[in-house]
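Here's the letter readout for the chains.
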Amino acid sequence: MILCIETATKNCSVAIVSDSRVIAQSAERADKFVHGERLHLLVQECMQTAGLDFSDIQGVCVGKGPGSYTGLRIGVSAAKGICYAAKLPLYSLPTLGCFDMSYVQGDDVMSVIDARRDEVYAQHWVRKEGVFHPASAVEAVVVTENSWEHLADQQIHVIGDAAEKVGHLHGNSNWVYAENAFPSAKYMANLLETPAMVKEDVAYFEPYYLKDFVALKSTKKLL
């Protein structure tokens, strides 16, 4: 029984997975991040729905990023806090793998998360024996029609919350660009117990931000 938490984007999500089956899940998405106010309530909702307490949970798995600095910090802090309190092991999965890839017809997926302007976080995944595995490192890509030239002739299915942006900026006729979709804790079930899942040190684990945090200037008028 694994408690899964994914908060790297505007989608704040929690799921409980037993034997690769999602037995409870809850998510909330808003233009403004609600993670700080809602994450622990979503965890509580899932536990109640499944009729469990933390003594029934065997570990916590968190999406490690990349993504929003604030979202990742809140999600990882919550996961570590639960592990400390309940004496549970901590695991991580790449956020770019936390999508529904089950409907993809081919064996190649490019998952993408919006990184503002014309940039995305991207990772190539390949299906082997029915399971998708990372085929590249996570990278920050400024998207143009010449991006991913080494994959230009392959049939690639693009998914993620920046899929439509990539389709607009990239536009390769060999590629299929899905509608925008957010990563979710419920899709972690597909990667649990695969090499993508890593056991982490609860004391020292930090999110994978990929890029340094950049503070934006407030648009609020000061008195």
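See the structure printed just above.
Overview of the structure. Keep in mind that what you see is a predicted model, and the values were worked out from it rather than measured.

Regarding the overall build of the chain
And step 1. Along the backbone of the chain there are three helices and twelve strands.
And step 2. Computed over the C-alpha atoms, the radius of gyration of the chain is 18 Å, within 12% of the 17 Å expected from 2.2 N^0.38 for a compact globule of 223 residues.
And step 3. Dimensions along the principal axes, computed over C-alpha positions, put the chain at roughly 60 × 50 × 30 Å.
And step 4. Buried positions account for 48% of the 223 residues belonging to the chain.
And step 5. Contacts in the chain between residues at least 24 apart in sequence constitute 62% of all its contacts with a sequence separation of at least 6.

Regarding the pairing of strand β6 (residues 108-114)
And step 1. In terms of residue burial, β6 counts as a mostly covered element, since six of its seven residues are buried.
And step 2. Pairing of β6 with strand β7 (residues 119-128) involves seven bridges; the strand directions are antiparallel. For Ile 113, the partnering residue across the bridge sits in β7 and is Tyr 121.
And step 3. In this antiparallel pair of consecutive strands, β6 and β7, the connection spans four residues, and Arg 116 shows a positive phi of 75°.
And step 4. Inspection of the sheet shows β6 paired to strand β10 (residues 157-160) by four bridges, in the parallel sense. From the neighbouring strand, Met 110 faces β10, where its bridge partner is Val 158.

Digging into the packing of helix α1 (residues 35-50) against helix α2 (residues 69-86)
Each pair of packed helices gets described by two things: the angle between the helix axes and the distance between those axes.
And step 1. Contact geometry for α1 and α2: axes closest at 10 Å, N-to-C directions at 35°. Handedness of the crossing formed by α1 with α2: right-handed. In this structure, α1 uses His 35, Gly 36, Leu 39, His 40 and Val 43 to contact α2, whose residues at the interface are Gly 71, Ile 74, Gly 75, Ala 78 and Ile 82.
And step 2. Of the residues that constitute the contact of α1 with α2, the class distribution is five nonpolar, five polar and no charged.

Rules behind the numbers
As a convention, each chain's residues are numbered from 1 in the sequence order in which they are written. With pLDDT at 70 or above as the cut-off, local features in this predicted model cover only qualifying residues; side-chain atom pairs require 80 or more to be listed or tallied, and sums for whole chains, interfaces and linings still use all residues. The side-chain numbers reported here are obtained from all heavy atoms of the structure, hydrogens and water having been left aside. Helix and strand assignments come from DSSP, with helices taken as H or I runs of at least 4 residues and strands as E runs of at least 2, each series counted from the N terminus. Here the globule rule reads 2.2 Å times residues to the power 0.38, and the radius of gyration is calculated from C-alpha atoms. Burial status follows relative accessibility: with a 1.4 Å probe on protein chains alone, a residue under 20% of its type maximum counts as buried, one over 50% as exposed, and anything between as partly exposed. Residue contacts are defined here by distance: any two heavy atoms, one from each residue, within 4.5 Å place the two residues in contact. Paired strands, as defined in this entry, are two strands with at least two bridges between them according to DSSP. Each axis is a line fitted through C-alpha atoms, and for a helix only the stretch in contact is used; angles between axes span 0 to 180 degrees, taken between their N-to-C directions. Left-handed describes a crossing whose near helix is turned anticlockwise from the far helix through less than a right angle; right-handed describes the clockwise counterpart. Polarity classes work like this: nonpolar for Ala, Val, Leu, Ile, Met, Phe, Trp, Tyr, Cys and Pro, charged for Asp, Glu, Lys and Arg, and polar for all others, with Gly in that last group.

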